[in-house]
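# Overview (structure and organization)
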Amino acid sequence: MHNKQVTIPGWLRWVALVAVSLTMFGSYYMYDSVAYVAKDFIELLGFSQTNIGQLYTMYSIAAVIVLFFSGVFIDKYGTRVSMVLFGAICSLAGFVTAFSDNLTIILIGRFILGFGSEPLIVALTVALAKWFKGKELGFALGINLLIGRGGSYFVDRSNTWASSIYDQGWQPVLYLAAGIGLLCFLGGVIYYFIERWTQKRYVLGKAEETEKLDFKGLFKYSPSFWYVVILCLTFYSAIFPFRGFAPTFYQDAHGVSEQMAGKLNSVLIMATMFATPVIGLLIDKIGRRALMMFIGSIIILPVYLMFAYGNMSLYIPVTLMGISFSLIPAVMWPSVAYIVEESKLGTAYALMTLLQQIGVAAMAWLIGVTNDVSGASATNPEGYIPGMWIFSILGFVGLLFSFLLRRAETGPKGHGLEEPSGSK
Ligand SMILES: C[C@H](NC(=O)[C@@H](N)CCCCN)C(=O)O
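Per chain, the residues get numbers from 1 upward, laid out in the order the sequence is written. Given that the model is predicted, a residue must reach a pLDDT of at least 70 before its local features are reported, and side-chain atom pairs must reach 80 or more before they are shown or counted; all residues, however, enter totals for whole chains, interfaces and linings. Where side-chain values are given, they derive from all heavy atoms of the structure, hydrogens and water being excluded.

### Things to note about the overall build of the chain
The following threshold applies: Labels follow the DSSP assignment, with helices taken as runs of H or I lasting at least four residues and strands as runs of E lasting at least two, numbered in each case from the N terminus. Note on contacts: a residue pair is in contact if any heavy atoms of the two residues lie within 4.5 Å. Accessible surface area values rest on a Shrake-Rupley calculation with a 1.4 Å probe, where residue burial reflects the displayed protein chains alone.
In terms of regular secondary structure, the chain is built from 16 helices and zero strands. Over its C-alpha atoms, taken along the principal directions, the chain stretches across nearly 70 × 50 × 35 Å. Intrachain contacts of the chain at a sequence separation of at least 6 include 83% that bridge at least 24 residues. When the accessible surface of the chain is summed, it comes to about 16,900 Å², and 68% of that surface belongs to carbon and sulfur atoms.

Printed below as a string of C-alpha cells:
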C-alpha cells in the first residue's frame, strides 16, 4: 500500500496503549505474587528468609544481564517482535516458578521473569514513544504505570478475591499468577497485530532512542544525573525488597491476618496508582522537581522506624510510604530528560534501571540474610528490627543525595528542574 495516512486515529493509539499495558499488568502481578506465598515457603517448604530475598535478587540479576543487550535487540528486531518474545519469556517464567517445590527451579523461574520483564518494559516504553511522541506521551506513560501497578494491587488483594485458591496452598496461588502472567504473551501478540496493521496503513512514528548501554559516554553526565541515579537506587532498594517481605513482616511482627497484610500492601499501591499521574501533571505546571524529590525523601525517612518501634496504626507509615512512592517516581523518571540531552536519554535510562536493579538485588539478599541472622519470626518479632534499620539508612543516603540535587539545581548550573514544563 503506497499512500499511507500520516495521522493515526486517536482511538487506535489508545487501543495500542491498552494492549501494551496488559503486558505490564501481567508482569507486575507475577513480580509481586511470591510475597504472598513467602510464609508458606518458610513454614511448609523450610525456605529461609535469605531464600525469600533471593527470589527478588534472581529477578534483578537477570535484569542487569539482559539490559546490556536488550536495547540493541529491540533496535534490530523492532518493538512488535520484542514484545511477543519478551512477553512469552515472562509467561513461561510464571509456570516454571509454579510447577515445582524445588528452590533451584523456583529461583530459575524468577530469573526467567527478570530476563523477560525488564526488556519487555523497555520495549513497551519504546513502542509507546512511537505512538505518542509529540502527543500525550507523558500521560500515556502515566496510564501505563497506573495499569502496571494495578497488577500489583490485584495481587495484594488476591488473598481476598481468590481466598478459595489460597485455601488450597501455595502452588495453586502461583499457578493463578502464571495464568494472569499469560497476559504478557497475549498483550504482546495483540500488540504485534495492531502495529503490523497500522504500519500498512499509517506512518507510525519511530522512537529515536532505545535503552541500550554505551559506556563511552558514561562519565560525561553531570553530577545532577548521578544524584538522581543514586536516589533511584536507594529509593527502589528500600521499596521493592520491603514490599517482598512486607506480608510476612506484618503478620509476624504486628500480628495481623494474611488478608490484612495484603490490604496494607494494596493501600500503598492504590495511593500511588492515582497520585502518580496527578503529581506528574502538577509538576509540569509548577516545576520544583528537585524540591519534590527532597520532600519525598524526608517523608519516607521515619517510616521503617515507625514499623519497627511505633505503636500507632500501621496505616500511618503505610500512607507516608505511599505518598513518597507516588511523589518520587512521578518526578524522578521525567527529570532525567531535563538533565541529559535527548541523544543520550536511552543510555541514561538504561543505566539508571541497571543500577536500580543492582541495588534491589543486593538489598533483597541483604535483608533476607539479616532477618535470618537475627532470627526474625513470629516468635521473635524483634529480629526484624535490624532490617528496618538498614532500610532507614538507605532512606538517609537517599535524603542526602536529594539534598545535593536540590542544591545543584538551585545553583547557576541547574538544568531547569525547578521550572515548569516548557520553560527549559
Ligand atoms: C517505573 C518503575 N518501574 C521499575 O522500576 C521497573 N524497572 C521495575 C518494576 C518491577 C515490578 N514492579 C515503578 O514501578 O515505579
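And the narrative resumes.
### Some points on a nonpolar patch on the surface
Here is the rule: Patch membership is restricted to residues that have no salt bridge and whose relative accessible area is over 30%. Joining uses 9 Å for like charges and 5 Å for the nonpolar side chains Val, Leu, Ile, Met, Phe, Trp and Tyr. Salt bridges are defined as contacts in which a side-chain nitrogen from Lys or Arg sits within 4 Å of a carboxyl oxygen from Asp or Glu.
Together, I61, I65, F68 and F69 make up an exposed nonpolar region whose accessible area comes to about 340 Å². By the secondary structure assignment, F68 is in the loop between helix 3 (49-67) and helix 4 (70-99).

### A few points about helix 11 (residues 258-286)
The condition is simple: To estimate how far a helix should reach, multiply one less than its number of residues by 1.5 Å. Note that the bend at a residue is defined as the angle between axes fitted to the seven residues ending at it and the seven residues starting at it.
Helix length check: helix 11 (29 residues) gives 41 Å between terminal C-alpha atoms against 42 Å at 1.5 Å per residue, within 8%. In the structure, helix 11 departs most strongly from a straight axis at A275, where the bend amounts to approximately 35° and where the proline P277 lies between one and four residues downstream. Just downstream of helix 11 lies G287, where phi reads positive at about 75°.

### Concerning the pattern of salt bridges
Quick note on the threshold: The rule is simple: take the accessible area with a 1.4 Å probe, protein chains only, and divide by the maximum for that residue type; under 20% is buried, over 50% is exposed, in between is partly exposed.
Evaluation of the coordinates by the stated rule reveals six salt bridges. For D32, the salt bridge goes to R243, with nearest N and O atoms at 3.0 Å. Of this pair, D32 sits in helix 1 (residues 10-33) while R243 is found in helix 10 (residues 223-254), placing the two residues 211 residues apart along the sequence. A relative accessible area of 6% places D32 in the buried class. The class for R243 is buried, based on a relative accessible area of 4%. Ionic contacts of the salt-bridge type, sharing partners, join the residues D32, D156 and R243 into one network.

### Describing the site of the ligand
Inclusion rule: For each residue, the test is whether any non-hydrogen atom lies within 4 Å of the molecule or strand; if one does, the residue is near. For this analysis, a polar contact is any N or O atom pair within 3.5 Å, provided that within protein one partner can donate a hydrogen and the other can accept it, and provided that sequence-adjacent residues contribute only side-chain to side-chain pairs. Note on residue categories: nonpolar means Ala, Val, Leu, Ile, Met, Phe, Trp, Tyr, Cys or Pro, charged means Asp, Glu, Lys or Arg, and polar means any other residue, Gly included. Where each domain begins and ends follows an automated or database-derived domain assignment.
The ligand sits among Y28, Y31, E118, L145, R149, Y236, F240, W333, T353, Q356 and Q357. At a separation of 2.7 Å, an oxygen atom of the ligand approaches a polar side-chain atom of Y28. With respect to the ligand, the side chain of E118 contributes an N or O atom lying 2.9 Å from a nitrogen atom. Compared with its free state, where it exposes 410 Å², the ligand has 92% of that area covered by protein. Secondary-structure elements contributing two or more residues to the shell around the ligand are helix 1, helix 6 (137-156), helix 10 and helix 15 (345-373). If you tally residues by element for the shell around the ligand, the top one is helix 15, at three residues. Class assignment of the residues belonging to the shell around the ligand gives a composition of six nonpolar, three polar and two charged. Residue-level mapping places the shell around the ligand at the junction of two domains, with at least three residues from each of domain 1 (1-212) and domain 2 (214-424).

### Things to note about the domain arrangement of the chain
Going by this rule: Two parts placed together each lose some accessible area under a 1.4 Å probe, and the buried area is that loss summed for both.
Domain annotation for the chain reports domain 1 (1-212) and domain 2 (214-424). For domain 1 and domain 2, the distance between their C-alpha centres works out to 21 Å. At the interface, 41 residues of domain 1 touch 46 residues of domain 2. A combined buried area of about 3,600 Å² lies between domain 1 and domain 2, and 61% of that area is made up of carbon and sulfur atoms.

### What about helix 4?
Taking 1.5 Å per residue as the helical rise, helix 4 with its 30 residues ought to reach 44 Å, whereas the 28 Å between its terminal C-alpha atoms falls clearly short. For helix 4, the principal kink sits at G78 and spans about 115°.

### Looking at the nonpolar core
Which entries qualify depends on this criterion: Take the buried residues of types Ala, Val, Leu, Ile, Met, Phe, Trp, Tyr and Cys, join any two whose side-chain atoms come within 4.5 Å, and each joined set is a nonpolar core.
Core analysis: the biggest nonpolar cluster contains 127 residues, and F242, Y250, Y304 and F307 have the highest contact counts within it. Of the residues forming this core, the biggest block, 15 residues, is contributed by helix 10. Beyond its immediate chain neighbours, meaning those up to four positions away, F242 contacts F249, Y250, Y304, F307, M321, M388 and F391.

### Some remarks on the packing of helix 1 against helix 4
What counts, and what does not: Fitted lines through C-alpha atoms serve as axes, helices being fitted only where they are in contact, and the angles separating the N-to-C directions of these axes extend from 0 to 180 degrees. By the definition adopted for this analysis, an angle is roughly parallel if under 35 degrees, roughly antiparallel if over 145, roughly perpendicular if from 65 to 115, and oblique otherwise. Crossings are sorted by hand: turned counterclockwise from the far helix by less than a right angle, the near helix makes the crossing left-handed, and turned clockwise it makes it right-handed.
It is the contact of helix 1 with helix 4, at a shortest axis distance of 10 Å, that shows an interaxial angle of 30°. Classified by the interaxial angle, the pair formed by helix 1 and helix 4 is roughly parallel. As helix 1 runs across helix 4, the sense of the crossing is left-handed. The segment helix 1 lies against helix 4, with V20, T23 and M30 engaging M83, C90, S91 and G94. The class makeup of the residues in the contact of helix 1 with helix 4 is four nonpolar, three polar and no charged.

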